[in-house]
Amino acid sequence: VQLQASGGGLVQAGGSLRLSCTASGVSFSTYNMGWFRQAPGKEREFVAAVSWNGGRTYYADSVTGRLSTSRDNAKDTVYLQMNSLKPEDTAVYYCAADGPWSRGVGMATTEYDYWGQGTQVTVSS
């Protein structure tokens, strides 16, 4: 199983980025997908998640209204659209997969089975 995240970069505060995460070696449409981030010196934290069919999405309070996640099961890809970025959004962003057919959409790192390598997002003030 491989999760390949991409789309990170350097952006000014107020700007936007879109992260992508493409899966291989897994039945993507049966997995809930999550996004987490880890800033230097901090623990990895939940950002957003989407259910296997895209019908349910969940967000951390700190990103609600600014970040949104979606998926395209035909492309085995999940997205994280990041708008109105703030310097405190600076972190390495990871995608993760939980499944198959998990009953609930998790917000804890321990609930996810597979992880991508991470992509750096840096927001300058």
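This structure is a prediction, so every number in the text was calculated from the model and none was measured. (Residues numbered from 1 in each chain as written. Predicted model: local features only at pLDDT ≥ 70, side-chain atom pairs only at ≥ 80, totals over all residues. Heavy atoms only, no water.)

### Thoughts on the pattern of salt bridges
With the rule as written, the count across this model stands at three salt bridges. The residue Asp89 makes a salt bridge to Arg37 at a minimum N-O spacing of 2.9 Å. Of this pair, Asp89 sits in the loop between strand S8 (77-82) and strand S9 (91-98) while Arg37 is found in strand S4 (residues 32-38), placing the two residues 52 residues apart along the sequence. Since its relative accessible area comes to 5%, Arg37 is described here as buried. If you follow the salt bridges from partner to partner, you end up with Arg37, Glu45, Arg66 and Asp89 in one network. (Salt bridge = Lys/Arg side-chain N within 4 Å of Asp/Glu carboxyl O. Helix = DSSP H or I, 4+ residues; strand = E, 2+ residues; numbered from the N terminus. Buried < 20%, exposed > 50% of the residue type's maximum accessible area, 1.4 Å probe, protein only.)

### Comments concerning the nonpolar core
Burial of nonpolar side chains together is a common tendency in soluble globular proteins. Met33, Trp35, Val47, Leu80, Met82 and Tyr93 are the most contacted members of the largest nonpolar core, which has 35 residues in total. Elements with a contribution of two residues or more to this core: strand S1 (2-6), strand S3 (17-24), S4, strand S5 (45-50), S8, S9 and strand S11 (119-124). In this structure Met33 touches Leu3, Cys21, Phe28, Ala48, Ala49, Val50, Arg71, Val78, Ala96, Ala97 and Tyr112, once residues within four positions along its chain are discounted. (Core = buried A, V, L, I, M, F, W, Y, C linked by side-chain atoms within 4.5 Å. Contact = heavy atoms within 4.5 Å.)

### Considerations on the sheet that holds S8
Pairing is antiparallel across the open sheet formed by four strands, whose spatial order is S1-S3-S8-S7. On the outer flanks of this sheet lie S1 and strand S7 (67-72), each paired with one strand and no other. Strand after strand, the sheet turns through a mean of 15 degrees between neighbouring axes, direction not considered. Sheet topology places S3 next to S8; six bridges connect them, and they run antiparallel. Bridged to Leu19 within S8 is Leu80. (Pairing = 2+ DSSP bridges. Axes fitted to C-alpha atoms, helices over the stretch in contact; angles between N-to-C directions.)

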